[in-house]
Amino acid sequence: MSWSQSTFTLSPRTRGCYLITDEIVQNLPELQEYKAGLVNLFMQHTSAALTLNENWDSDVRLDMTDSLEKIAPESWSFRHDAEGSDDMPAHIKSSLIGASITIPIKGGRLATGTWQGVWLCEFRRMRHSRKVVATIQGEKLK
Amino acid sequence: MSWSQSTFTLSPRTRGCYLITDEIVQNLPELQEYKAGLVNLFMQHTSAALTLNENWDSDVRLDMTDSLEKIAPESWSFRHDAEGSDDMPAHIKSSLIGASITIPIKGGRLATGTWQGVWLCEFRRMRHSRKVVATIQGEKLK
Amino acid sequence: MSWSQSTFTLSPRTRGCYLITDEIVQNLPELQEYKAGLVNLFMQHTSAALTLNENWDSDVRLDMTDSLEKIAPESWSFRHDAEGSDDMPAHIKSSLIGASITIPIKGGRLATGTWQGVWLCEFRRMRHSRKVVATIQGEKLK
(Lines give C-alpha, C1' and ligand atoms only; values in the text may rest on other atoms or scores of the structure.)
Protein backbone atom coordinates (compact mmCIF):
# COMPACT_ATOMS: atom_id res chain seq x y z
CA MET A 1 0.00 0.00 0.00
CA SER A 2 1.60 3.23 -1.18
CA TRP A 3 0.44 6.75 -1.28
CA SER A 4 1.33 10.31 -2.19
CA GLN A 5 -0.07 13.80 -1.90
CA SER A 6 0.69 16.88 -3.98
CA THR A 7 -0.76 20.29 -4.75
CA PHE A 8 -0.82 21.95 -8.16
CA THR A 9 -2.46 24.93 -9.79
CA LEU A 10 -4.69 24.69 -12.85
CA SER A 11 -4.30 27.17 -15.71
CA PRO A 12 -6.51 30.17 -14.99
CA ARG A 13 -9.73 30.25 -16.99
CA THR A 14 -12.80 32.44 -17.39
CA ARG A 15 -16.33 31.17 -16.75
CA GLY A 16 -17.08 27.86 -18.42
CA CYS A 17 -16.57 24.12 -18.29
CA TYR A 18 -13.22 22.71 -19.45
CA LEU A 19 -11.90 19.23 -20.17
CA ILE A 20 -8.75 18.97 -18.03
CA THR A 21 -8.00 15.23 -18.03
CA ASP A 22 -4.61 15.78 -19.72
CA GLU A 23 -3.71 18.67 -17.42
CA ILE A 24 -4.49 16.50 -14.38
CA VAL A 25 -2.46 13.55 -15.66
CA GLN A 26 0.50 15.80 -16.54
CA ASN A 27 0.49 17.15 -13.00
CA LEU A 28 0.46 13.64 -11.55
CA PRO A 29 3.27 11.62 -13.21
CA GLU A 30 3.24 9.30 -10.15
CA LEU A 31 -0.15 7.94 -11.34
CA GLN A 32 1.77 5.69 -13.74
CA GLU A 33 3.42 3.90 -10.83
CA TYR A 34 0.13 2.58 -9.43
CA LYS A 35 -1.17 -0.82 -10.48
CA ALA A 36 -4.50 -0.03 -8.83
CA GLY A 37 -5.82 2.56 -6.42
CA LEU A 38 -7.77 5.77 -6.01
CA VAL A 39 -6.97 9.41 -6.63
CA ASN A 40 -8.87 12.15 -4.84
CA LEU A 41 -8.79 15.57 -6.50
CA PHE A 42 -9.82 18.33 -4.11
CA MET A 43 -10.31 21.93 -5.22
CA GLN A 44 -9.50 24.47 -2.48
CA HIS A 45 -12.10 26.94 -3.74
CA THR A 46 -15.80 27.67 -3.35
CA SER A 47 -16.76 29.19 -6.70
CA ALA A 48 -15.49 26.48 -9.02
CA ALA A 49 -15.93 22.71 -9.10
CA LEU A 50 -14.57 19.43 -10.43
CA THR A 51 -16.73 16.83 -12.10
CA LEU A 52 -16.66 13.95 -14.56
CA ASN A 53 -18.53 14.24 -17.80
CA GLU A 54 -18.47 13.78 -21.59
CA ASN A 55 -15.02 14.08 -23.17
CA TRP A 56 -15.79 14.31 -26.87
CA ASP A 57 -18.25 17.00 -27.93
CA SER A 58 -17.24 20.45 -26.66
CA ASP A 59 -20.88 21.54 -27.08
CA VAL A 60 -21.68 19.54 -23.96
CA ARG A 61 -19.44 21.89 -21.96
CA LEU A 62 -21.15 24.96 -23.42
CA ASP A 63 -24.62 23.53 -22.75
CA MET A 64 -23.61 22.66 -19.19
CA THR A 65 -22.43 26.22 -18.52
CA ASP A 66 -25.70 27.66 -19.84
CA SER A 67 -27.82 25.10 -18.00
CA LEU A 68 -26.17 25.74 -14.65
CA GLU A 69 -26.84 29.44 -15.21
CA LYS A 70 -30.52 28.54 -15.68
CA ILE A 71 -30.58 26.37 -12.55
CA ALA A 72 -28.95 29.07 -10.36
CA PRO A 73 -29.35 32.35 -12.26
CA GLU A 74 -27.64 35.66 -11.47
CA SER A 75 -31.06 37.30 -11.73
CA TRP A 76 -32.12 35.93 -8.33
CA SER A 77 -31.69 38.50 -5.58
CA PHE A 78 -29.03 37.57 -3.05
CA ARG A 79 -27.93 39.00 0.31
CA HIS A 80 -24.33 38.17 -0.59
CA ASP A 81 -23.62 40.41 -3.58
CA ALA A 82 -20.59 42.54 -2.64
CA GLU A 83 -18.27 40.47 -4.87
CA GLY A 84 -20.44 40.78 -7.97
CA SER A 85 -23.62 39.25 -9.34
CA ASP A 86 -21.80 36.09 -10.45
CA ASP A 87 -20.42 35.30 -6.98
CA MET A 88 -23.38 33.82 -5.11
CA PRO A 89 -24.53 31.73 -8.12
CA ALA A 90 -20.93 30.46 -8.24
CA HIS A 91 -21.17 29.30 -4.60
CA ILE A 92 -24.46 27.51 -5.32
CA LYS A 93 -23.10 25.75 -8.40
CA SER A 94 -19.95 24.79 -6.49
CA SER A 95 -22.00 22.85 -3.91
CA LEU A 96 -24.30 21.37 -6.57
CA ILE A 97 -21.39 20.01 -8.62
CA GLY A 98 -18.90 19.49 -5.79
CA ALA A 99 -15.35 20.55 -4.95
CA SER A 100 -13.85 17.11 -5.15
CA ILE A 101 -13.90 13.86 -7.13
CA THR A 102 -12.44 10.42 -6.47
CA ILE A 103 -11.35 8.34 -9.47
CA PRO A 104 -10.10 4.74 -9.52
CA ILE A 105 -6.65 4.02 -10.95
CA LYS A 106 -5.96 0.85 -12.93
CA GLY A 107 -2.71 -0.11 -14.61
CA GLY A 108 -1.15 3.33 -14.15
CA ARG A 109 -4.09 5.20 -15.69
CA LEU A 110 -7.35 6.77 -14.58
CA ALA A 111 -10.00 4.04 -14.83
CA THR A 112 -12.53 6.36 -16.43
CA GLY A 113 -15.04 5.25 -19.05
CA THR A 114 -14.44 5.64 -22.77
CA TRP A 115 -16.44 8.87 -22.98
CA GLN A 116 -15.59 10.20 -19.55
CA GLY A 117 -13.20 13.05 -18.77
CA VAL A 118 -12.31 15.31 -15.84
CA TRP A 119 -13.91 18.74 -16.06
CA LEU A 120 -13.04 21.98 -14.34
CA CYS A 121 -16.15 24.13 -13.96
CA GLU A 122 -15.15 27.74 -13.40
CA PHE A 123 -18.14 29.77 -12.20
CA ARG A 124 -16.60 33.26 -11.92
CA ARG A 125 -16.51 35.51 -14.96
CA MET A 126 -12.96 36.67 -14.26
CA ARG A 127 -10.03 34.33 -14.84
CA HIS A 128 -9.05 32.55 -11.60
CA SER A 129 -6.16 30.25 -10.69
CA ARG A 130 -7.46 27.17 -8.94
CA LYS A 131 -5.44 24.96 -6.61
CA VAL A 132 -6.00 21.23 -6.48
CA VAL A 133 -4.79 18.88 -3.73
CA ALA A 134 -4.30 15.40 -5.21
CA THR A 135 -4.10 12.41 -2.89
CA ILE A 136 -3.27 8.99 -4.34
CA GLN A 137 -3.57 5.70 -2.50
CA GLY A 138 -2.96 2.25 -3.90
CA GLU A 139 -0.67 -0.55 -4.84
CA LYS A 140 2.39 0.24 -6.90
CA LEU A 141 3.57 -1.67 -9.94
CA LYS A 142 6.52 -3.92 -9.16
CA MET B 1 -4.48 -2.49 5.62
CA SER B 2 -6.02 -4.47 2.79
CA TRP B 3 -7.66 -3.53 -0.41
CA SER B 4 -9.29 -4.78 -3.56
CA GLN B 5 -10.65 -3.47 -6.84
CA SER B 6 -13.22 -5.00 -9.18
CA THR B 7 -15.49 -4.01 -12.03
CA PHE B 8 -19.05 -5.20 -12.52
CA THR B 9 -22.03 -4.35 -14.71
CA LEU B 10 -25.40 -3.34 -13.30
CA SER B 11 -28.60 -4.78 -14.78
CA PRO B 12 -29.71 -2.56 -17.65
CA ARG B 13 -32.60 -0.23 -16.83
CA THR B 14 -34.71 2.44 -18.51
CA ARG B 15 -34.93 6.00 -17.19
CA GLY B 16 -35.59 6.20 -13.48
CA CYS B 17 -34.08 5.88 -10.01
CA TYR B 18 -33.50 2.39 -8.63
CA LEU B 19 -32.57 1.00 -5.23
CA ILE B 20 -29.52 -1.18 -5.92
CA THR B 21 -28.06 -1.78 -2.44
CA ASP B 22 -28.56 -5.56 -2.74
CA GLU B 23 -27.18 -5.67 -6.27
CA ILE B 24 -24.05 -3.82 -5.10
CA VAL B 25 -23.53 -6.08 -2.09
CA GLN B 26 -24.03 -9.23 -4.21
CA ASN B 27 -21.35 -8.01 -6.58
CA LEU B 28 -18.93 -7.36 -3.71
CA PRO B 29 -18.78 -10.51 -1.53
CA GLU B 30 -15.35 -9.33 -0.28
CA LEU B 31 -17.11 -6.54 1.68
CA GLN B 32 -17.87 -9.09 4.39
CA GLU B 33 -14.15 -9.58 5.04
CA TYR B 34 -13.60 -5.98 6.12
CA LYS B 35 -13.89 -5.03 9.78
CA ALA B 36 -13.82 -1.37 8.81
CA GLY B 37 -12.99 0.62 5.72
CA LEU B 38 -14.32 2.51 2.73
CA VAL B 39 -15.76 1.44 -0.59
CA ASN B 40 -15.72 3.77 -3.58
CA LEU B 41 -18.26 3.01 -6.31
CA PHE B 42 -17.40 4.72 -9.57
CA MET B 43 -19.68 4.70 -12.59
CA GLN B 44 -17.83 4.82 -15.93
CA HIS B 45 -20.64 6.74 -17.64
CA THR B 46 -21.79 10.31 -18.12
CA SER B 47 -25.56 10.00 -18.43
CA ALA B 48 -26.31 8.07 -15.25
CA ALA B 49 -25.31 8.57 -11.61
CA LEU B 50 -24.94 6.93 -8.22
CA THR B 51 -26.32 8.45 -5.05
CA LEU B 52 -27.54 7.59 -1.55
CA ASN B 53 -31.14 8.18 -0.66
CA GLU B 54 -34.31 6.80 0.96
CA ASN B 55 -34.64 3.01 0.87
CA TRP B 56 -38.23 2.43 1.88
CA ASP B 57 -40.88 4.28 -0.14
CA SER B 58 -40.53 3.67 -3.88
CA ASP B 59 -42.50 6.90 -4.46
CA VAL B 60 -39.37 8.80 -3.48
CA ARG B 61 -37.59 7.33 -6.51
CA LEU B 62 -40.45 8.33 -8.82
CA ASP B 63 -40.60 11.85 -7.37
CA MET B 64 -36.82 12.18 -7.75
CA THR B 65 -36.98 11.21 -11.44
CA ASP B 66 -39.72 13.78 -12.09
CA SER B 67 -38.01 16.48 -10.06
CA LEU B 68 -34.68 16.09 -11.86
CA GLU B 69 -36.61 16.42 -15.13
CA LYS B 70 -38.00 19.73 -13.80
CA ILE B 71 -34.55 20.93 -12.72
CA ALA B 72 -32.94 20.10 -16.09
CA PRO B 73 -35.80 19.70 -18.57
CA GLU B 74 -35.61 18.29 -22.09
CA SER B 75 -37.53 21.33 -23.28
CA TRP B 76 -34.46 23.58 -22.94
CA SER B 77 -32.72 24.07 -26.25
CA PHE B 78 -29.27 22.51 -26.42
CA ARG B 79 -26.41 22.62 -28.91
CA HIS B 80 -25.68 18.94 -28.18
CA ASP B 81 -28.81 17.16 -29.41
CA ALA B 82 -27.64 14.60 -31.99
CA GLU B 83 -28.12 11.71 -29.53
CA GLY B 84 -31.70 12.63 -28.64
CA SER B 85 -33.51 15.16 -26.51
CA ASP B 86 -32.83 13.18 -23.33
CA ASP B 87 -29.05 13.13 -23.80
CA MET B 88 -27.94 16.60 -22.73
CA PRO B 89 -30.30 16.67 -19.71
CA ALA B 90 -28.76 13.30 -18.78
CA HIS B 91 -25.27 14.84 -18.79
CA ILE B 92 -26.45 17.72 -16.59
CA LYS B 93 -28.13 15.42 -14.09
CA SER B 94 -25.06 13.19 -14.06
CA SER B 95 -22.86 16.06 -12.85
CA LEU B 96 -25.51 17.33 -10.41
CA ILE B 97 -25.89 13.92 -8.74
CA GLY B 98 -22.37 12.60 -9.33
CA ALA B 99 -20.77 9.56 -10.92
CA SER B 100 -19.31 8.18 -7.74
CA ILE B 101 -20.01 7.62 -4.04
CA THR B 102 -17.83 6.60 -1.11
CA ILE B 103 -19.43 4.58 1.69
CA PRO B 104 -17.88 3.50 5.00
CA ILE B 105 -17.73 -0.22 5.83
CA LYS B 106 -18.21 -1.45 9.39
CA GLY B 107 -18.30 -5.08 10.54
CA GLY B 108 -18.45 -6.46 7.01
CA ARG B 109 -21.41 -4.31 5.97
CA LEU B 110 -22.07 -0.92 4.42
CA ALA B 111 -22.29 1.57 7.32
CA THR B 112 -25.33 3.29 5.84
CA GLY B 113 -28.13 4.75 7.95
CA THR B 114 -31.35 2.85 8.66
CA TRP B 115 -33.27 4.56 5.85
CA GLN B 116 -30.38 4.94 3.46
CA GLY B 117 -29.78 2.89 0.31
CA VAL B 118 -27.63 3.02 -2.82
CA TRP B 119 -29.47 4.33 -5.86
CA LEU B 120 -28.71 4.03 -9.54
CA CYS B 121 -30.12 7.01 -11.43
CA GLU B 122 -30.46 6.17 -15.11
CA PHE B 123 -31.08 9.31 -17.13
CA ARG B 124 -31.43 7.87 -20.66
CA ARG B 125 -34.81 6.64 -21.83
CA MET B 126 -33.37 3.54 -23.45
CA ARG B 127 -32.12 0.66 -21.32
CA HIS B 128 -28.35 0.94 -20.73
CA SER B 129 -25.81 -1.38 -19.10
CA ARG B 130 -23.70 0.56 -16.62
CA LYS B 131 -20.23 -0.44 -15.45
CA VAL B 132 -19.11 0.26 -11.90
CA VAL B 133 -15.52 0.15 -10.65
CA ALA B 134 -15.54 -0.72 -6.94
CA THR B 135 -12.46 -0.01 -4.85
CA ILE B 136 -12.35 -1.19 -1.23
CA GLN B 137 -9.76 -0.18 1.35
CA GLY B 138 -9.69 -1.14 4.98
CA GLU B 139 -8.81 -3.54 7.73
CA LYS B 140 -9.84 -7.15 7.34
CA LEU B 141 -11.51 -9.25 10.03
CA LYS B 142 -9.10 -11.69 11.66
CA MET C 1 -0.26 3.78 6.59
CA SER C 2 -2.64 4.27 9.50
CA TRP C 3 -6.31 4.66 9.76
CA SER C 4 -9.26 5.13 12.07
CA GLN C 5 -13.05 5.21 11.97
CA SER C 6 -15.48 6.83 14.37
CA THR C 7 -19.11 7.93 14.52
CA PHE C 8 -20.38 11.12 16.13
CA THR C 9 -23.59 13.10 16.26
CA LEU C 10 -23.84 16.73 15.16
CA SER C 11 -25.77 19.23 17.27
CA PRO C 12 -29.41 19.18 16.16
CA ARG C 13 -30.42 22.11 13.96
CA THR C 14 -33.49 23.40 12.15
CA ARG C 15 -33.56 23.96 8.38
CA GLY C 16 -30.57 25.92 7.10
CA CYS C 17 -26.89 25.72 6.18
CA TYR C 18 -24.34 25.77 8.99
CA LEU C 19 -20.58 26.14 9.16
CA ILE C 20 -19.44 23.11 11.18
CA THR C 21 -15.68 22.97 10.53
CA ASP C 22 -14.89 23.45 14.24
CA GLU C 23 -17.49 20.91 15.33
CA ILE C 24 -15.99 18.35 12.93
CA VAL C 25 -12.42 19.00 14.08
CA GLN C 26 -13.43 18.79 17.76
CA ASN C 27 -15.01 15.42 17.12
CA LEU C 28 -11.86 14.17 15.39
CA PRO C 29 -8.87 14.88 17.68
CA GLU C 30 -6.96 12.08 15.89
CA LEU C 31 -6.75 14.33 12.79
CA GLN C 32 -3.79 16.06 14.42
CA GLU C 33 -1.79 12.84 14.34
CA TYR C 34 -1.81 12.59 10.55
CA LYS C 35 1.01 14.12 8.53
CA ALA C 36 -1.00 13.60 5.35
CA GLY C 37 -4.09 11.68 4.35
CA LEU C 38 -7.78 11.82 3.64
CA VAL C 39 -10.86 12.04 5.81
CA ASN C 40 -14.24 10.87 4.53
CA LEU C 41 -17.27 12.31 6.33
CA PHE C 42 -20.41 10.31 5.66
CA MET C 43 -23.85 11.39 6.84
CA GLN C 44 -26.19 8.48 7.60
CA HIS C 45 -29.28 10.44 6.55
CA THR C 46 -31.28 11.23 3.43
CA SER C 47 -32.73 14.67 4.18
CA ALA C 48 -29.56 16.53 5.07
CA ALA C 49 -26.17 16.87 3.36
CA LEU C 50 -22.52 17.78 3.82
CA THR C 51 -20.68 20.15 1.53
CA LEU C 52 -17.73 22.54 1.34
CA ASN C 53 -18.38 26.21 0.82
CA GLU C 54 -17.59 29.78 1.90
CA ASN C 55 -16.56 30.14 5.54
CA TRP C 56 -16.70 33.89 6.09
CA ASP C 57 -19.98 35.60 5.19
CA SER C 58 -22.97 33.97 6.89
CA ASP C 59 -25.20 35.51 4.21
CA VAL C 60 -23.88 32.87 1.82
CA ARG C 61 -25.47 30.20 4.01
CA LEU C 62 -28.82 32.03 4.04
CA ASP C 63 -28.73 32.57 0.28
CA MET C 64 -27.88 28.90 -0.26
CA THR C 65 -30.86 27.77 1.82
CA ASP C 66 -33.20 30.03 -0.14
CA SER C 67 -31.70 29.06 -3.49
CA LEU C 68 -32.02 25.33 -2.86
CA GLU C 69 -35.67 25.97 -1.98
CA LYS C 70 -36.06 27.65 -5.39
CA ILE C 71 -34.31 24.77 -7.18
CA ALA C 72 -36.48 22.08 -5.48
CA PRO C 73 -39.51 23.91 -4.07
CA GLU C 74 -42.08 22.52 -1.65
CA SER C 75 -44.77 23.82 -3.99
CA TRP C 76 -44.15 21.00 -6.47
CA SER C 77 -46.64 18.19 -6.07
CA PHE C 78 -45.10 14.95 -4.84
CA ARG C 79 -46.35 11.38 -4.41
CA HIS C 80 -44.27 11.08 -1.25
CA ASP C 81 -45.85 13.63 1.11
CA ALA C 82 -46.89 11.71 4.23
CA GLU C 83 -43.96 13.09 6.23
CA GLY C 84 -44.70 16.74 5.42
CA SER C 85 -44.26 19.09 2.49
CA ASP C 86 -40.57 19.64 3.32
CA ASP C 87 -39.68 15.94 3.18
CA MET C 88 -39.48 15.17 -0.53
CA PRO C 89 -37.64 18.44 -1.33
CA ALA C 90 -35.22 17.43 1.42
CA HIS C 91 -34.52 14.12 -0.33
CA ILE C 92 -33.91 15.91 -3.65
CA LYS C 93 -31.53 18.44 -2.09
CA SER C 94 -29.73 15.64 -0.27
CA SER C 95 -28.84 13.92 -3.55
CA LEU C 96 -28.00 17.22 -5.29
CA ILE C 97 -25.56 18.27 -2.56
CA GLY C 98 -24.48 14.80 -1.41
CA ALA C 99 -24.32 12.84 1.82
CA SER C 100 -20.56 12.63 1.98
CA ILE C 101 -17.37 14.60 1.42
CA THR C 102 -13.70 13.62 1.28
CA ILE C 103 -11.13 16.17 2.44
CA PRO C 104 -7.33 15.92 2.31
CA ILE C 105 -5.34 16.17 5.56
CA LYS C 106 -1.97 17.92 5.65
CA GLY C 107 0.18 18.50 8.72
CA GLY C 108 -2.53 17.45 11.16
CA ARG C 109 -5.16 19.79 9.71
CA LEU C 110 -7.83 19.76 7.04
CA ALA C 111 -6.17 20.93 3.81
CA THR C 112 -9.07 23.20 2.91
CA GLY C 113 -8.64 26.52 1.12
CA THR C 114 -8.52 29.84 2.97
CA TRP C 115 -12.20 30.59 2.40
CA GLN C 116 -13.44 27.02 2.53
CA GLY C 117 -15.34 25.42 5.40
CA VAL C 118 -17.41 22.31 6.06
CA TRP C 119 -21.16 22.92 5.93
CA LEU C 120 -24.04 20.93 7.31
CA CYS C 121 -27.15 21.49 5.20
CA GLU C 122 -30.24 20.54 7.19
CA PHE C 123 -33.26 20.32 4.89
CA ARG C 124 -36.01 19.45 7.39
CA ARG C 125 -37.83 22.23 9.23
CA MET C 126 -37.75 20.40 12.54
CA ARG C 127 -34.51 20.06 14.48
CA HIS C 128 -32.79 16.73 13.69
CA SER C 129 -29.73 15.01 15.15
CA ARG C 130 -27.44 13.85 12.37
CA LYS C 131 -24.89 11.05 12.65
CA VAL C 132 -21.60 11.22 10.78
CA VAL C 133 -19.24 8.30 10.16
CA ALA C 134 -15.69 9.65 9.84
CA THR C 135 -13.03 7.48 8.23
CA ILE C 136 -9.42 8.69 8.21
CA GLN C 137 -6.58 7.13 6.22
CA GLY C 138 -3.03 8.37 5.98
CA GLU C 139 0.46 8.60 7.31
CA LYS C 140 0.93 9.53 10.94
CA LEU C 141 3.40 12.11 12.24
CA LYS C 142 6.44 10.49 13.83
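Placed above this text is the structure.
Residues numbered from 1 in each chain as written. Chains lettered and ligands numbered in written order. Predicted model: local features only at pLDDT ≥ 70, side-chain atom pairs only at ≥ 80, totals over all residues.

Draft legend 1. Local environment of the interface of chain B and chain C. Between chain B and chain C, the residue contacts involve 30 residues of the former and 28 residues of the latter. Residue assignment for the side of chain B that touches chain C shows that the elements contributing at least two residues are strand S3 (34–43), strand S4 (48–54), helix H2 (58–71), helix H3 (87–97) and strand S5 (100–106) of chain B. With eight residues, H2 of chain B is the single largest residue contributor to the side of chain B that touches chain C. Within the side of chain B that touches chain C, the residues separate by chemical class into 15 nonpolar, nine polar and six charged. (Contact = placed C-beta atoms within 7 Å. Helix = DSSP H or I, 4+ residues; strand = E, 2+ residues; numbered from the N terminus. Nonpolar A, V, L, I, M, F, W, Y, C, P; charged D, E, K, R; others polar.)

Draft legend 2. Molecular detail of the relation of the copies chain B and chain A. The transform that puts chain B on chain A rotates by 120° and translates by 0.0 Å along the axis, for an RMSD of 0.0 Å. Such a turn and shift between the copies fits a three-fold axis. Minimal C-alpha separation from the rotation axis in chain B is found for Leu 96 of chain B, amounting to 3.3 Å. (Least-squares fit on C-alpha atoms with pLDDT ≥ 70 in both.)

Draft legend 3. Geometry of H3 of chain B. Residue and element names in this part refer to chain B. Of all 11 residues that make up H3, 11 are buried, and the element is covered over most of its length. Those residues of H3 lying buried are Asp 87, Met 88, Pro 89, Ala 90, His 91, Ile 92, Lys 93, Ser 94, Ser 95, Leu 96 and Ile 97. Of the residues one or two after H3, Gly 98 is the one with positive phi, at around 110°. (Buried ≥ 20, exposed ≤ 12 C-beta atoms within 10 Å, placed from the backbone.)

Draft legend 4. Representation of the nonpolar core. Membership of the largest hydrophobic core comes to 123 residues, with the highest contact counts inside it found for Leu 50, Trp 119 and Cys 121 of chain A, Leu 50 and Cys 121 of chain B together with Leu 50 and Cys 121 of chain C. The contact partners of Trp 119 of chain A, leaving out residues within four places of it in the chain, are Cys 17, Tyr 18, Leu 19, Ile 20, Leu 50, Thr 51, Leu 52 and Asn 53 of chain A. (Core = buried A, V, L, I, M, F, W, Y, C linked by C-beta atoms within 7 Å.)

Draft legend 5. Up close: the environment of Asn 27 of chain B. Topologically, Asn 27 of chain B is positioned in helix H1 (residues 21–27). Linking Asn 27 of chain B and Ala 72 of chain B, residues 45 residues apart in sequence, is a C-alpha distance of 32 Å.

Draft legend 6. How the structure looks around the interface of chain B and chain A. The interface of chain B with chain A comprises 28 residues on the first partner and 30 residues on the second. The set of elements that each furnish at least two residues to the side of chain B that touches chain A consists of strand S1 (2–13), S3, H3, S5 and strand S8 (128–140) of chain B. A per-element tally of the side of chain B that touches chain A places H3 of chain B first, with six residues. Residues that form the side of chain B that touches chain A fall into these classes: 12 nonpolar, 14 polar and two charged.

Draft legend 7. View of the sheet that holds strand S1 (residues 2–13) of chain C. Ordered in space as S1-S8-S3-S5-S6 (chain C), the five strands form an open sheet in which the pairing is antiparallel. Every interior strand has two partners, whereas the edge strands, S1 and strand S6 (109–110) of chain C, have only one. (Pairing = 2+ DSSP bridges.)

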